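Structural characterization, general
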Amino acid sequence: MSTVRLLTDDEIRGNAEAWEVFQDIRATRKSDFVNNFWRALANDPPRMRSVWQQLKQVMMADGELPPLVREMIYIAVSTANGCSYCVHSHTASARAKGMTDGQHAELLAVIAMASQTNALATALQVPVDEAFLVK
């Protein structure tokens, strides 16, 4: 259960700033669907606008990482952070961007491997090799 109300479109229409962000989300994504994350953030329109602008810049702007790779990184970080909502949301987005079942399986294997070796390196307190340090 959410810790804040998930606002409906009718409720959001009552706040010009929130409604403007919702319209931009719809236009940018070319979909009428606005997911619950944004409906929760609509309780704080200035924060919602800020997060949406940052998300567009990081996830949607042209860059050297392809959109699918960005989504897969988002899935890995969301898994590490324990955010079930973000894992589901960005898995759906990655699939929409062409992620195959095989790529998803490999991604999960990499996440599992990194989790295991990260825990071991942390528990063992292995010092970083000089060769890995930026000079």
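Here's a quick rundown of the structure. On a predicted model such as this, the values are computed, not experimentally measured, just so you know. (Residues numbered from 1 in each chain as written. Predicted model: local features only at pLDDT ≥ 70, side-chain atom pairs only at ≥ 80, totals over all residues. Heavy atoms only, no water.)

Within this structure, the stated rule accounts for ten salt bridges. The closest approach of N and O atoms between glutamate 71 and lysine 97, which form a salt bridge, is 3.7 Å. Note that glutamate 71 is positioned in helix α5 (residues 67–81) and lysine 97 in the loop between α6 (84–96) and α7 (101–124), a separation of 26 residues in sequence. It is possible to trace a salt-bridge network through shared partners that takes in Asp9, Arg26 and Arg39. (Salt bridge = Lys/Arg side-chain N within 4 Å of Asp/Glu carboxyl O. Helix = DSSP H or I, 4+ residues; strand = E, 2+ residues; numbered from the N terminus.)

Here the focus is helix α2 (residues 16–29). In this model α2 runs 20 Å from its N-terminal to its C-terminal C-alpha over 14 residues, within 8% of the 20 Å that 1.5 Å per residue would give. Of the positions making up α2, those classed as buried are Ala18, Trp19, Val21, Phe22, Ile25 and Arg26. What you see down the axis of α2 is that its buried residues fit within an arc of 160 degrees, all on one side. Summarising the geometry of α2, the exposed residues directed more than 90 degrees from the buried face are Ala16 and Ala27. Considering only its buried residues, α2 is in contact with α1 (9–13), α3 (36–41) and α4 (45–60). Near the N-terminus of α2, the side chain that reaches the backbone nitrogen of glutamate 17, with its oxygen 3.0 Å away, is that of asparagine 15. Just downstream of α2 lies lysine 30, where phi reads positive at about 55 degrees. (Expected span 1.5 Å × (residues − 1). Buried < 20%, exposed > 50% of the residue type's maximum accessible area, 1.4 Å probe, protein only. Arc of directions from axis to C-beta. Contact = heavy atoms within 4.5 Å. Polar contact = N/O pair within 3.5 Å; in protein donor to acceptor, adjacent residues only side chain to side chain.)

Our next topic: α6. Across its 13 residues, α6 extends 18 Å between first and last C-alpha, which sits within 8% of the 18 Å expected from 1.5 Å per residue. Listed as buried for α6 are Cys86, His90, Thr91, Ser93 and Ala94. Each buried residue of α6 sits inside an arc of 165 degrees when the element is viewed along its axis, so together they form one side. Turned more than 90 degrees away from the buried face of α6 sit His88 and Ala96, all of them exposed. In the core, the buried residues of α6 are packed alongside α4, α5 and α7. Just past α6, the residue glycine 98 takes up positive phi, approximately 105 degrees.

A full pass over the atoms with the stated rule returns two aromatic pairs. Taking the centre distance of 4.9 Å and the plane angle of 85 degrees together, the rings of phenylalanine 37 and tryptophan 38 count as edge-to-face. Judged by relative accessible area, which is 33%, phenylalanine 37 ranks as partly exposed. Ring centres of tryptophan 38 and tryptophan 52 lie 5.4 Å apart, and the angle between their planes is 90 degrees; this geometry places the pair in the edge-to-face category. Here tryptophan 38 is found in helix α3, whereas its partner tryptophan 52 is found in helix α4, with 14 residues between them in sequence. The class of tryptophan 38 is buried, set by a relative accessible area of 1%. Tryptophan 52 sits in the buried class, given a relative accessible area of 0%. Among the aromatic residues, ring-to-ring pairing joins Phe37, Trp38 and Trp52 into one connected group. (Phe/Tyr/Trp six-rings, centres within 6.5 Å; stacked < 30°, edge-to-face > 60°.)

Below, the discussion takes up unusual backbone geometry. Here lysine 30, not a glycine, exhibits a phi torsion of approximately 55 degrees, which is positive. Relative to the assigned elements, lysine 30 resides in the loop between α2 and α3. Take lysine 30: its relative accessible area is 75%, and that puts it in the exposed class. Its identity is not glycine, yet glutamine 125 carries a phi of approximately 50 degrees, on the positive side. Classification of glutamine 125 by relative accessible area gives exposed; the value is 61%.

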